Amino acid sequence: MRIFLIGFMGCGKTTLGKKLAKHLNFNFIDLDRFIENKTVKNINVIFDEKGEQYFRDLEKESLNEIYKMDNLVIATGGGTPCFSDNMQTMLEKGICIYLKMKAEDLAERLGKEKNNRPLICHLTKNELNDFISEKLMEREKFYKKAHYILSAKNISKSDVIKLIS
Ligand code: S3P
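Keep in mind it's a predicted model, so treat the numbers as computed, not measured.

K.L.:
Give me the lowdown on the overall build of the protein, citing residues and values where you can.
P.N.:
Along its length, the protein carries 8 helices and 5 strands. The helix and strand sequence of the protein, counted from the amino end, reads β-α-β-α-α-α-β-α-β-α-α-β-α. The C-alpha atoms of the protein give a radius of gyration of 15 Å, which matches the 15 Å a tight globule of 165 residues would have. Expressed along its principal axes, the backbone C-alpha trace of the protein runs to roughly 40 × 35 × 25 Å. Among the 165 residues that make up the protein, the fraction classed as buried is 48%. Across the protein, every contact between residues at least 6 apart in sequence was considered, and the portion connecting residues at least 24 apart equals 75%. Element-wise, carbon and sulfur atoms account for 48% of the exposed surface of the protein, whose accessible area totals about 8,700 Å². Computing the positive centroid from 28 side-chain charges and the negative centroid from 23, the protein places the two 5 Å apart.

K.L.:
Now, about the environment of Lys 153: what can you tell me, with residues and values included?
P.N.:
Topologically, Lys 153 is positioned in the loop between strand S5 (148-151) and helix H8 (157-164). The exposure class assigned to Lys 153 is partly exposed, which follows from its relative accessible area of 47%. Through-space distance from the C-alpha of Lys 153 to that of Pro 118 is 24 Å; in sequence the pair is 35 residues apart. Sequence-distant contacts of Lys 153, defined by excluding residues within four places in its chain, comprise Lys 100, Met 101, Asp 105 and Arg 109. A distance of 3.5 Å separates the side chain of Lys 153 from the side chain of Asp 105, its partner in a polar contact.

K.L.:
Just give me the short version of the nonpolar core, but keep the residues and values in it.
P.N.:
Within the largest apolar cluster, 54 residues are counted, with the highest numbers of intra-cluster contacts made by Phe 8, Ile 97 and Ile 132. Setting aside residues up to four positions removed in sequence, Phe 8 forms contacts with Lys 13, Gly 78, Leu 106, Leu 110, Phe 131, Ile 132, Lys 135, Leu 136, Arg 139 and Tyr 143.

K.L.:
Could you give me a rundown of the site of the ligand, with the residues and numbers involved?
P.N.:
Around the ligand sit 13 residues, and of these Lys 13, Asp 32, Arg 56, Arg 117 and Arg 139 come closest. Side-chain polar atom of Lys 13 to an oxygen atom of the ligand: 2.7 Å apart, as the coordinates give it. A distance of 2.7 Å is found between an oxygen atom of the ligand and a side-chain nitrogen or oxygen belonging to Arg 56. Protein contacts shield 95% of the accessible area of the ligand, which totals 390 Å² for the unbound molecule. Across the shell around the ligand, the residue classes break down as 5 nonpolar, 3 polar and 5 charged.

K.L.:
Requested: an account of the pattern of salt bridges, with residues and values cited.
P.N.:
Taken as a whole and assessed by the stated rule, the structure comprises 13 salt bridges. The partner of Asp 85 in a salt bridge is Lys 60, and the shortest N-O contact between them spans 2.5 Å. You can see Asp 85 sitting in the loop between strand S3 (72-75) and helix H5 (86-93) and its partner Lys 60 sitting in helix H4 (residues 52-66), a full 25 residues away along the chain. Note on Asp 85: relative accessible area 38%, which makes it partly exposed. Owing to a relative accessible area of 26%, Lys 60 belongs among the partly exposed residues under this scheme. Salt bridges here are not isolated pairs; linked through shared partners, they connect Asp 30, Arg 33 and Glu 36.

What counts and what doesn't
Residues numbered from 1 in each chain as written. Predicted model: local features only at pLDDT ≥ 70, side-chain atom pairs only at ≥ 80, totals over all residues. Heavy atoms only, no water. Helix = DSSP H or I, 4+ residues; strand = E, 2+ residues; numbered from the N terminus. Rg over C-alpha atoms; globule rule 2.2 N^0.38 Å. Buried < 20%, exposed > 50% of the residue type's maximum accessible area, 1.4 Å probe, protein only. Contact = heavy atoms within 4.5 Å. Areas by Shrake-Rupley, 256 points an atom, 1.4 Å probe, with all protein chains shown as cover. Lys, Arg positive; Asp, Glu negative; His and termini not counted. Charge placed at Lys NZ, Arg CZ, Asp CG, Glu CD. Polar contact = N/O pair within 3.5 Å; in protein donor to acceptor, adjacent residues only side chain to side chain. Core = buried A, V, L, I, M, F, W, Y, C linked by side-chain atoms within 4.5 Å. Near = heavy atom within 4 Å. Nonpolar A, V, L, I, M, F, W, Y, C, P; charged D, E, K, R; others polar. Salt bridge = Lys/Arg side-chain N within 4 Å of Asp/Glu carboxyl O.

Purely spatial values, then, with no claim about function.
This is the structure we're talking about:
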């Protein structure tokens, strides 16, 4: 079984994914870290040197490697489901869970955690709010295709375990 956690930057995919994987005795993969290990570059450097499309190609290539592995929880990047045919393929290759969070809550979290996120690190508070509202609206049509949608704000690993058991 493969469990893909999807949702906007800052919704808690990595934190929940690690706990869930530990509980299920599965391996945990954070897709961004997987790409960083593969390229030996951090995400900011990849975006700076090669641009977003190059990163999206790496995301897809990495997913193709991940589909060959089993018993995994994967925390995807916020943009992963919205490019190429990634969402459709993840739906076929595993269980997709959308961790849904309101724009205001995302803004509060991301205001404190934007430095290693190339799409938002340069934005002021107001620009960040606008970016989140616009992108969330644009991306939700992909996120909402998930098998399950959970409210991410106070989610615990047992909510997910109940859902998948
Ligand atoms: C991105 C989200 C990031 C990372 C990259 C692009 C996005 O992942 O993949 O900076 O397009 O939303 P997180 O959702 O883990 O921050």
